[in-house]
Amino acid sequence: MKHFLAQEVTLKELLLTKAEKERLLIFANEDYKQTASLLEVCKKLEQYIDKKPFDNLAGLNKDVLKAEALTTEQVAKVAAFHDRFERFLDAYNNVIELMSRKLLYWNALLNEWEDKVDKMLAAKGLL
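Treat the numbers as computed from the prediction; the structure is a model and nothing was measured.

**Student:** With reference to specific residues and values, describe the overall build of the protein.
**Tutor:** Check the secondary structure of the protein and you find five helices and zero strands. For the protein, the N- to C-terminal ordering of α and β elements is α-α-α-α-α. Of all 127 residues assigned to the protein, the portion counted as buried reaches 1%. For the protein, the accessible surface area stands at approximately 12600 Å², while carbon and sulfur atoms represent 64% of it.

In structure tokens:
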């Protein structure tokens, strides 16, 4: 570039010769092919690029808000049901534990009575 600025250059010297133009085209051939293929891809995707993502964004927003409100309500109902179910399971477990203790107590009483009866029968010689 300094060469051109430092001297007076004629217009003819600035223009490329036919051979230089051919060399430039051959040298940049791969770039032209790549650019052409990218332009083809862009042409195929143009229908998606120009299309609106949502036709009715306000309506979609309203539907999403309704769905969020419904989901929030359902979450509250599920949480309430979960609490009631936990209380039911606690009560059920308490009843089962009480019944188990009662059965163990009655079993111990029966064993005690069986031992007493066996001792009485043995004392009378009936065993």
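**Student:** Could you give an account of the pattern of salt bridges, with specific residues and numbers?
**Tutor:** Under the criterion given, the structure shown has five salt bridges. In this structure, Lys33 and Glu30 form a salt bridge, with 4.0 Å as the shortest nitrogen-oxygen distance. Placement of the pair is Lys33 and Glu30 together in helix 4 (residues 29-49), with a separation of three residues, close to one helical turn. A salt bridge links Glu112 to Lys116, with the nearest nitrogen and oxygen atoms 3.9 Å apart. Taken together, the residues Glu112 and Lys116, both in helix 5 (residues 57-124) and four residues apart, mark about one turn of the helix.

**Student:** Account for the packing of aromatic side chains, naming residues and giving values.
**Tutor:** Across all of its chains, the model carries three aromatic pairs by this definition. When the ring of Phe81 is compared with that of Phe85, the centres are 5.9 Å apart and the planes differ by 15 degrees; the resulting orientation is stacked. Taken together, the positions of Phe81 and Phe85, both in helix 5 and four residues apart, correspond to about one turn of that helix. For Phe81, a relative accessible area of 47% corresponds to the partly exposed category. Judged by its relative accessible area of 38%, Phe85 is partly exposed. Summarising the aromatic geometry, the rings of Phe88 and Tyr92 are spaced 6.4 Å apart at their centres and angled 25 degrees between planes, so their arrangement reads as stacked. Taken together, the residues Phe88 and Tyr92, both in helix 5 and four residues apart, mark about one turn of the helix. An aromatic cluster is defined as three or more aromatic residues linked by ring pairs; in this entry it consists of Phe81, Phe85, Phe88 and Tyr92.

Conventions adopted
Residues numbered from 1 in each chain as written. Predicted model: local features only at pLDDT ≥ 70, side-chain atom pairs only at ≥ 80, totals over all residues. Heavy atoms only, no water. Helix = DSSP H or I, 4+ residues; strand = E, 2+ residues; numbered from the N terminus. Buried < 20%, exposed > 50% of the residue type's maximum accessible area, 1.4 Å probe, protein only. Areas by Shrake-Rupley, 256 points an atom, 1.4 Å probe, with all protein chains shown as cover. Salt bridge = Lys/Arg side-chain N within 4 Å of Asp/Glu carboxyl O. Phe/Tyr/Trp six-rings, centres within 6.5 Å; stacked < 30°, edge-to-face > 60°.

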